[in-house]
Amino acid sequence: MKHLLDVDELSREQVDALLAQAGAMRRAFDAGRRVRALEGVRVALLFAEPSTRTRLSFEIAARALGAEAYVLDPGGTSLVKGESLADTCRTLAAQGIGMLVMRHHRAGAASVAARYFPGNVVNAGDGWHAHPTQALLDLFTLRGALGSDDLRGRKVVIVGDLLHSRVARSNAWTLTGDGAQLWVCGPPPWLHGWDRLAARLPVTDRLVITEDLEAALRDADAVMALRVQKERMRGGALSLDEYVARYRITPERMSTAHPGALFMHPGPTNEGVEVTRDVIRGPRSLVAEQVRNGVPVRMAVLAALARG
Ligand code: NCD
């Protein structure tokens, strides 16, 4: 494994190995034990889009492995002077950067970087395309909360802005690959293109695409809400009020899922829009656990790339 650009390039065995490694990393991290997998490696974090949890968790993960982590402010790099991404990659390599963790608003940007950067590239989110480490940490969190080694026989629902969501796209691969029955649910304009994605999945009969939230929630073991990007609702086929009325995750709606169903959200959340505050903070919410697992899962990814 040279780069991590998306989860679709990982075999089931590789996913299992990474998550097993993440478990070991979590134990070491919690015990304050040092893991020196990246001793002397220079890691650059180039986030050309806002981020709190993803960027910080990569920085903590790199340092916890003994690496030197450098956070670049893209607004303060030569990218704004018109330098191409390819030249930025060459520049970083010439300064001894061995790993590049990158977030970009353009789908495919991480693959472009991987072509020009001689070290390892980790995609920390590229446009609508992919967010592989989020999908890995979601799977790790869900398996942990359910106390099982895989998601066979489980029903998972992803609700919300599926059109713009790289998180949902990457999750579709890992959740169905792990045996879950995945339902993706939202207003029809946001389900556009999901039939094509479904056809590309290795196991095609594990994905259901629906606008019917009631059917999606019935007997679900876990419900993941996605951030509704309010700015994208303007002039759209659907108003924000209509979305909230039809799709917001509330305690009443959660009660129609499997008893004890878990709630997930990749964050950041819009409280009161895609989900109510009491669900986010409720006893079945995994939101804080997802954030917490971001560090060990990213430690596992960085260590695996360092090993090659
Ligand atoms: C998401 C992202 O940026 O892709 N957040 C995250 O990384 N945890 C989701 C979002 O922005 O809505």
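This text gives an overview of the structure that appears in the document. If you're wondering where the values come from, they're calculated on a predicted model, not measured in any experiment.

1. Here's the deal with the overall build of the protein chain
When helices and strands are counted, the protein chain shows 12 helices and nine strands. Compactness check: the protein chain gives a C-alpha radius of gyration of 19 Å against a globular reference of 19 Å for 308 residues, within 12% of the reference. Based on the C-alpha atoms only, the size of the protein chain along its principal axes is roughly 55 × 45 × 35 Å. Put simply, 76% of the contacts in the protein chain that link residues at least 6 apart link residues at least 24 apart. Accessible area of the protein chain: about 13200 Å², with a carbon and sulfur share of 50%. Taking the average location of the 39 positive side-chain charges in the protein chain and that of its 34 negative ones, the two points are 5 Å from each other.

2. Details of the packing of aromatic side chains
One pass over the full model with this rule turns up two aromatic pairs. Pairing Trp-190 with Tyr-243 gives two aromatic rings, centres 5.3 Å apart and planes at 45°, and the pair type is tilted. Linking Trp-190 in the loop between β6 (181-185) and α7 (194-200) with Tyr-243 in helix α9 (residues 240-247), this pair joins segments that are 53 residues apart in sequence. Ring geometry for Tyr-243 and Tyr-247: centres 5.3 Å apart, planes at 25°, overall stacked. One end of the pair, Tyr-243, and the other, Tyr-247, are both in helix α9, four residues apart, so they sit about a helical turn from each other. In this pair, the class of Tyr-243 matches that of Tyr-247, namely buried. What links up through ring pairs into an aromatic cluster is the set Trp-190, Tyr-243 and Tyr-247. We note Lys-155 situated over the ring of Trp-183; from NZ or CZ to the ring centre the distance is 4.0 Å.

3. Some details on the site of the ligand
Neighbouring residues of the ligand: Arg-53, Thr-54, Arg-103, His-131, Gln-134, Arg-166, Val-167, Arg-227, Pro-266, Gly-267 and Pro-268. Taking Gln-134, its side chain carries an N or O atom lying 3.2 Å from a nitrogen atom of the ligand. Between the ligand and the protein, one listed contact pairs an oxygen atom with a side-chain N or O atom of Arg-166 at 2.6 Å. Here the ligand, which alone exposes 320 Å², has 89% of that area covered by the protein. Residue assignment for the shell around the ligand shows that the elements contributing at least two residues are α2 (53-64) and α6 (166-177). Considered class by class, the residues forming the shell around the ligand number three nonpolar, four polar and four charged.

4. Quick look at the sheet that holds strand β8 (residues 222-225)
One open sheet holds the five strands; their spatial order is β7-β6-β5-β8-β9, and the pairing between them is parallel. Taken across any chain shown, the strands that pair with only one partner, and hence form the sheet edges, are β7 (207-210) and β9 (262-264). Shown here is a sheet whose adjacent strand axes are inclined to one another by a mean of 20°, direction ignored. Summarising the sheet, strand β5 (residues 155-159) and β6 pair through five bridges and their orientation is parallel. Looking at the pairing, Val-156 lines up with Leu-182 of β6. Most of the contacts of helix α5 (residues 132-146) go to β9, to which it runs at about 165°, and overall it touches β5, β8 and β9.

Analysis parameters
- Within each chain, residues carry numbers counting from 1 in the order of the written sequence.
- pLDDT decides what is reported in this predicted model: residues at 70 or higher carry local features, side-chain atom pairs at 80 or more are listed and counted, and totals for whole chains, interfaces and linings draw on all residues regardless.
- Just so you know, side-chain values use all the structure's heavy atoms and leave hydrogens and water out.
- Comment: elements are numbered from the N terminus, with helices defined as DSSP H or I runs of at least four residues and strands as E runs of at least two.
- It is over C-alpha atoms that the radius of gyration is taken, and the globule rule equals 2.2 Å times the number of residues to the power 0.38.
- Any two residues having at least one pair of non-hydrogen atoms within 4.5 Å are treated as being in contact.
- The method behind every accessible area is Shrake-Rupley, applied with a 1.4 Å probe, and residues are considered shielded solely by the protein chains displayed.
- Counted as positive: Lys and Arg. Counted as negative: Asp and Glu. His and the chain ends are not counted at all.
- Where a charge lies is defined by one atom per residue type: Lys uses NZ, Arg uses CZ, Asp uses CG and Glu uses CD.
- Only the six-membered ring of Trp is used, alongside the rings of Phe and Tyr, when aromatic pairs are assigned; centres must lie within 6.5 Å, and planes under 30 degrees apart are stacked while those over 60 apart are edge-to-face, with the rest tilted.
- Exposure classes here rest on a 1.4 Å probe applied to the protein chains alone. A residue is buried below 20% of its type maximum, exposed above 50%, and partly exposed in between.
- Look at NZ for Lys and CZ for Arg. If either is within 6 Å of the ring centre and within 35 degrees of the ring normal, a charge sits over the ring.
- Neighbouring residues are identified by heavy atoms, a residue being near a molecule or strand if any of them is within 4 Å of it.
- Polar contacts, as used here, are pairs of N or O atoms within 3.5 Å; protein pairs need one atom able to donate a hydrogen and one able to accept it. Residues neighboring in sequence count only if both atoms are side-chain atoms.
- The classification used treats Ala, Val, Leu, Ile, Met, Phe, Trp, Tyr, Cys and Pro as nonpolar, Asp, Glu, Lys and Arg as charged, and all other residues, Gly among them, as polar.
- The pairing criterion for strands is at least two bridges between them, as found by DSSP.
- Every axis in this analysis is a line fitted to C-alpha atoms, fitted for helices over the stretch in contact. Angles between the N-to-C directions lie between 0 and 180 degrees.

The quantities given are spatial measurements derived from coordinates; they are silent on function.
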